[in-house]
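Descriptive structure summary
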Amino acid sequence: MQSIDEPVNELASEPGGGPVGEPGDEPVSEPVSEPVNDGRRTRWEQHRRDRHAELVSAAIDAIVRHGPGVDMAQVARVAGVSKPVLYRYFADKAQLWRAVGERVAASVVGAVAPAIERVREERPLIWTTIDAYLAAIESNPELYRYLMSHAEDGISVVVSASSRTTAAALARVIGDRLRALGLDAGPAEPWAYGMVAMVQAVGDWWMAQERPMSRTALTEYLTTLLWQGIAGVRESADLPHHLLAPQDRT
């Protein structure tokens, strides 16, 4: 019987060559082992966590290489293992896709959150937050398209959770700024959630349309809308005098 601190040989080869796992293509249960001391169990659990992370990274590489239609066989080949080995760590395909979604969502939050915390001036805060989000999704278009095309695998729940995390951080900063100015902080949370939802929706459009404008231009457009509102958009536009509202004419 295999010791719990001796991981399954995931790269063992069958006669025909190439990596194999357990026979069949179904999820494979972990081997049963006699009770072991805490140190050995801790090492095995760490091994599983490390291997899980490696397989998620391989799945991301496979998505980048093969596009949103990537399948488990392609993921296994990139990882250098067999499909049964993937099923030792993920109960099914949907669980692997959710793990990928969690990794990507965490990276987006990791890019946006520092930008929110770093900037305190109101307009630069909006600009920096929007630009950080757009930069994160622009950095890997294939991965973003994959996330948007696998909502049925539970990834939409992961994306929603990351959006809430970002909105909560933004709400704290907006609330602090409003209170510092002696203003009601009540709008902070709805403003933050509204900003995040709008930027995410526009980001979806921007990526789906193959980025028809530069990130800098789109960031400025959205910042102008959010910071100045519709009146600000009109004031900043280069409109002929006769098209301005009467109160804006001089």
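Residues numbered from 1 in each chain as written. Predicted model: local features only at pLDDT ≥ 70, side-chain atom pairs only at ≥ 80, totals over all residues. Heavy atoms only, no water.

When you go through the protein chain residue by residue, the secondary structure sums to 9 helices and 0 strands. Classification of the 250 residues of the protein chain by burial places 38% in the buried group. Considering only contacts in the protein chain between residues 6 or more positions apart, those separated by 24 or more positions represent 66%. (Helix = DSSP H or I, 4+ residues; strand = E, 2+ residues; numbered from the N terminus. Buried < 20%, exposed > 50% of the residue type's maximum accessible area, 1.4 Å probe, protein only. Contact = heavy atoms within 4.5 Å.)

Given a rise of 1.5 Å per residue, 26 residues ought to cover 38 Å, and the 38 Å separating the end C-alpha atoms of helix α4 (residues 93-118) matches this to within 8%. Two or three places before Ala-94, at the opening of α4, Asp-92 has a side-chain oxygen 3.3 Å from that residue's backbone nitrogen. (Expected span 1.5 Å × (residues − 1). Polar contact = N/O pair within 3.5 Å; in protein donor to acceptor, adjacent residues only side chain to side chain.)

Ile-116, Tyr-133, Leu-134, Ile-137, Leu-170 and Ile-174 are the most contacted members of the largest nonpolar core, which has 30 residues in total. Counting residues per element, the ones that place at least two in this core are α4, α5 (122-138), α7 (155-180), α8 (188-208) and α9 (215-236). The residues contacting Tyr-133, other than those within four sequence positions of it, are Val-108, Val-112, Tyr-144, Val-199 and Gln-200. Among the nonpolar cores identified, the runner-up in size contains 24 residues, and Ala-62, Val-75, Phe-90 and Tyr-146 belong to it. (Core = buried A, V, L, I, M, F, W, Y, C linked by side-chain atoms within 4.5 Å.)

This brings us to the packing of α5 against α8. For the pair α5 and α8, interaxial distance at closest approach is 11 Å and the crossing angle is 40°. With respect to α8, the axis of α5 lies oblique. Taken as a pair, α5 and α8 cross one another with a handedness that is right-handed. Of the residues in α8, those in contact with Ile-126, Ile-130, Tyr-133, Leu-134, Ile-137 and Glu-138 of α5 are Met-195, Val-199, Gln-200, Gly-203, Trp-206 and Met-207. Here the contact of α5 with α8 is built from residues that sort into 9 nonpolar, 2 polar and 1 charged. (Axes fitted to C-alpha atoms, helices over the stretch in contact; angles between N-to-C directions. Parallel < 35°, antiparallel > 145°, perpendicular 65-115°, else oblique. Left-handed = near helix turned anticlockwise from the far one by under 90°. Nonpolar A, V, L, I, M, F, W, Y, C, P; charged D, E, K, R; others polar.)

Looking at the element boundaries, Thr-219 is found in helix α9. Here the side chain of Thr-219 touches Arg-215 through a polar contact of 2.8 Å, landing on its backbone oxygen. The contact partners of Thr-219, leaving out residues within four places of it in the chain, are Trp-127, Ile-130, Asp-131 and Leu-134.

What follows concerns the environment of Leu-55. For Leu-55, the position within the fold is in helix α1 (residues 38-66). We classify Leu-55 as buried; its relative accessible area is 1%. For the pair formed by Leu-55 and Tyr-89, sequence separation is 34 residues and the distance between their alpha carbons is 8.5 Å. With sequence-adjacent residues up to four places away left out, Leu-55 is seen in contact with Ala-79, Val-81, Leu-86, Tyr-89 and Phe-90.

Moving on, we get to unusual backbone geometry. With the exception of glycine, most residues fall at negative phi, and the peptide bonds are largely trans. For Glu-210, which is not glycine, the phi torsion reads 60° and is therefore positive. Checked against the element boundaries, Glu-210 lands in the loop between α8 and α9. Residue classification places Glu-210 among the exposed residues on the basis of a relative accessible area of 52%.

As a further point, take the environment of Thr-223. Inspection of the secondary structure assignment puts Thr-223 in helix α9. Separated by 95 residues in the primary sequence, Thr-223 and Thr-128 place their C-alpha atoms 9.2 Å from one another.

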